[in-house]
Amino acid sequence: MMGRDVEISIPAAKNMIQSLRAIGYDAITAITDLIDNSIDAKATKIDIYFLREDSAGVQIIIKDNGVGMCEKELQKAMIIGSKDPSDERETGELGRFGMGLKTASFFLGKRLSVLSRRDGRDSQRSWDLDHVYKNDEWELFTSLSDELYPLRTELEESHGTMVIIDKVDKFFEEAIKEQTNDKRFNLAIDEMRDKISLIYHRVLEDDELKIIINEYELDAWDPFLMDNVATKELESINIDFEKSKIAISPYIIPNPDYSKVIDDKQAGRMSKMRLYDYQGIYLYRAKRLIRYGDWMGILKKDMAYQLSRVRIDIDNNLDDIFHLDIKKTKIKFPKELKEMIKPILEKAARESKSSVYFKSISQDAEQGNRIFDTPWDEKKLNKEAFYGIRGLHPLRKEIEKTMTEKAKNDLNLYLQLIAVTSPSNVIVSEKIEEDVLLTFSKDDVRVICNIARAFISSKRIDSKEEFVDVFFDLPGTRHFNKSTIFAILVEGGM
C-alpha cells in the first residue's frame, strides 16, 4: 500500500478558546477542579481568596504548599490536554485528562497565571485569553504580568504553587456587577464554603488537609452525621467489580423534626438543605465526593426515603466504566452494578420509610438504649430466608473499640458460625446432590463471600478449598452443594 500524504491541522486558537470556555462548568465545579490539582500535588494546606476590588474586579487566588513544579513540569501542565487519560495513575489521584487547570480557570476568567516553586526555585507561566484571541496564536507567556509580579512573595515555603485568575467575567455574575453590594458577594462566598466543606468532608475529617477561604478555615460537613448517636449504620458491603473493590455503606440519619440529639452545628447545616434533595447515593472517588442527592436512576426520589444516604466508594481505575467526564460531575452507573446494588438501596429506603412514618419518636433514643436492637439481619440464600448477624450492631461497635484487629476477626468468625448454624437456618437446609450445578443469585454471592472472607480473615484457614470443606461440616450449610459454592466464590472474585 502506497504511503498517504498528511498535513498538520492546528485548531484556530481564538475559536478553540471560546469552545473551552463553554465546556459546562459552574463556579463550584471549577474551583473544586483546581482544589483537586492541589491535593494531587500532596498539599496539606490550601488557601483560597476571592478578592473584589473596584478597579480590578474579582480576582481568585488558590495557593497551596504542595510539592510544586519545576520549569519543565509547569510548561507541560499549561498545555491543553497534558495527560493521557488511559495512563495508569497513582492510587487516590484525582486528575485524569490534564485539562482541569486550564478549562476550570478559563471558565472563571480570561487570564490564568501560575507561579510554582520547587526546591526554592520559581517557575512562571500565564495564559492571557485576550492576547490569544487578538493574535489567534497559542502564545503562552513565560512570566507573570507586572501587576501580578509582587504576588510571588506570597509563597512562603520552599515549595508550593499559586494559581491566579483575573479578568473574571463568568463567576458570581450578579456579585461582580458594579451596583451589587458586598452582602450578596459574601453570600456567594458562604455558599462556596458550604459546598466545598461537603465535597471534601472526608479529607478534612481525617486531618489530611486544611482548606481556608478568605481567612476562614473550613470544617467538614458530614452528610451522614456519623458523630450523632441517633444515626443508624446499616451493614456495609464490599463488591468485586471490574477487578476493583466497590465499598457500599448505607446510613439512616435522624429525623430533625423529631430528634433531640442533633447539636447546634448539625442543625445549622441541616437548616441549609432540604432533606428530600440530599437523599440517595453519595459517590466518592479517592474520598472526594463526586455525585450526591439522587438514586442514579435505580430508585425514584420519595419523601419517605429522605433520611437514607448510601456511601459508595470507587477507585480511579473505574473512571471509564463510570463514564466520568472532565468536570467530574457527569457519571453513568453500569447496568450490571445497578442490579447488584439495588437490593442494598431498597433496604436503606425501607429503613428510612420506617423512621419517617413509624419510628419518629424512637429517633430520640440514646445510643445506650439501641443496644437492645435485634442483632439478626434477614437475607436471602438460594431464595430461602437466611438469618445473618448485623455487622454494625451498636453493642458490637462498643465491644470492638477496645479489641485488636485479630480479636475483631475472631469475633466476626464466631458470629458467622452462630449465624450459619442457627436453628432457623438449619431447619430449612436439605442435602443437595453434588453432581448438579445449581443456579444462584447476586444475593447468594454476597452472603457466601462475606462468610468466606470472615473465615479466611481469621487466619485459621488458608484457602477457599479449605473453607468449603470446613463450611460443609457445619449444620445448616446445605443450601448449595460444594461445586456450586466453588462457582459462587469464583463469581465473587475469591
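Residues numbered from 1 in each chain as written. Predicted model: local features only at pLDDT ≥ 70, side-chain atom pairs only at ≥ 80, totals over all residues. Heavy atoms only, no water.

An unreviewed UniProt entry annotates the chain as ATP-binding protein originating from Listeria booriae.

Scanning the model with the defined rule gives eight aromatic pairs in all. Considering the side-chain rings of tryptophan 221 and tyrosine 278, the 6.4 Å spacing of their centres and the 25 degrees angle between planes classify their relative orientation as stacked. Remark: tyrosine 278 occurs in the loop between helix H8 (264-270) and strand E11 (280-285) and tryptophan 221 occurs in the loop between strand E7 (216-217) and strand E8 (232-233); sequence separation between them is 57 residues. In this structure, tryptophan 221 and tyrosine 278 share a single accessibility class: buried. Between tyrosine 282 and tyrosine 292, the aromatic rings sit 5.7 Å apart at their centres with planes inclined by 25 degrees, giving stacked as the arrangement. With a gap of 10 residues between them, tyrosine 282 in strand E11 and tyrosine 292 in strand E12 (residues 288-294) connect regions that are remote in the sequence. (Phe/Tyr/Trp six-rings, centres within 6.5 Å; stacked < 30°, edge-to-face > 60°. Helix = DSSP H or I, 4+ residues; strand = E, 2+ residues; numbered from the N terminus. Buried < 20%, exposed > 50% of the residue type's maximum accessible area, 1.4 Å probe, protein only.)

For the rest of this paragraph, the subject is the environment of leucine 283. Structurally, leucine 283 can be placed in strand E11. With relative accessibility at 0%, the residue leucine 283 sits in the buried group. Sequence separation between leucine 283 and isoleucine 314 is 31 residues, and the spatial gap between their C-alpha atoms is 7.6 Å. Those residues in contact with leucine 283 that sit more than four places away from it in its chain are Arg288, Leu289, Ile290, Arg291, Ile312, Ile314, Ile331 and Phe333. (Contact = heavy atoms within 4.5 Å.)

We now examine the pairing of strand E13 (residues 308-314). A large share of E13 lies buried, amounting to seven of its seven residues. By the alternation rule, side chains of E13 split into Ser308, Val310, Ile312 and Ile314 and Arg309, Arg311 and Asp313, which are all buried. With six bridges connecting them, strand E10 (residues 244-252) and E13 associate as antiparallel partners. From the neighbouring strand, serine 249 faces E13, where its bridge partner is arginine 311. Here E11 runs beside E13; their pairing, made up of six bridges, is parallel. Across the sheet, tyrosine 282 pairs through a bridge with arginine 311, a residue of E13. (Pairing = 2+ DSSP bridges.)

Moving on, we get to helix H15 (residues 482-491). Within the span of H15, buried status applies to Thr484, Ile485, Ile488 and Leu489. The arc that holds every buried residue of H15, seen down its axis, measures 140 degrees, which confines them to one face. Facing away from the buried side of H15, by more than 90 degrees, are the exposed residues Val490 and Glu491. Two residues or fewer past H15, glycine 493 is found with a positive phi of approximately 80 degrees. (Arc of directions from axis to C-beta.)

This brings us to the environment of threonine 44. With respect to the element layout, threonine 44 can be found in the loop between helix H2 (27-40) and strand E1 (45-53). Residue class for threonine 44 comes out partly exposed when judged on its relative accessible area of 44%. For the pair threonine 44 and lysine 210, spaced 166 residues apart in the sequence, the C-alpha separation amounts to 6.1 Å. Filtering out sequence-adjacent residues up to four positions away, threonine 44 remains in contact with Asn65, Glu208, Leu209 and Lys210. A polar contact of 2.9 Å, which involves the side chain of threonine 44, links it to the side chain of asparagine 65. (Polar contact = N/O pair within 3.5 Å; in protein donor to acceptor, adjacent residues only side chain to side chain.)

Let us now look at the pattern of salt bridges. On inspection of all chains with the given rule, the structure shows 20 salt bridges. Note that arginine 117 is salt-bridged to aspartate 122, the shortest N-O span being 2.6 Å. Here glutamate 208 ties to lysine 287 by a salt bridge, and the two come within 2.4 Å at their closest N and O atoms. Linking glutamate 208 in the loop between helix H7 (201-205) and strand E6 (210-213) with lysine 287 in the loop between E11 and E12, this pair joins segments that are 79 residues apart in sequence. Relative accessible area serves as the criterion here: at 40%, glutamate 208 is assigned to the partly exposed category. On the basis of relative accessible area, lysine 287 is assigned to the partly exposed category, the value being 22%. Each of Lys110, Asp128, Asp130 and Lys167 takes part in a single network of salt bridges with overlapping partners. (Salt bridge = Lys/Arg side-chain N within 4 Å of Asp/Glu carboxyl O.)

This part is about the side chain of arginine 288. Inspection of the secondary structure puts arginine 288 in strand E12. Engagement of the side chain of arginine 288 in a polar contact is seen with the side chain of aspartate 36, the distance being 3.0 Å.

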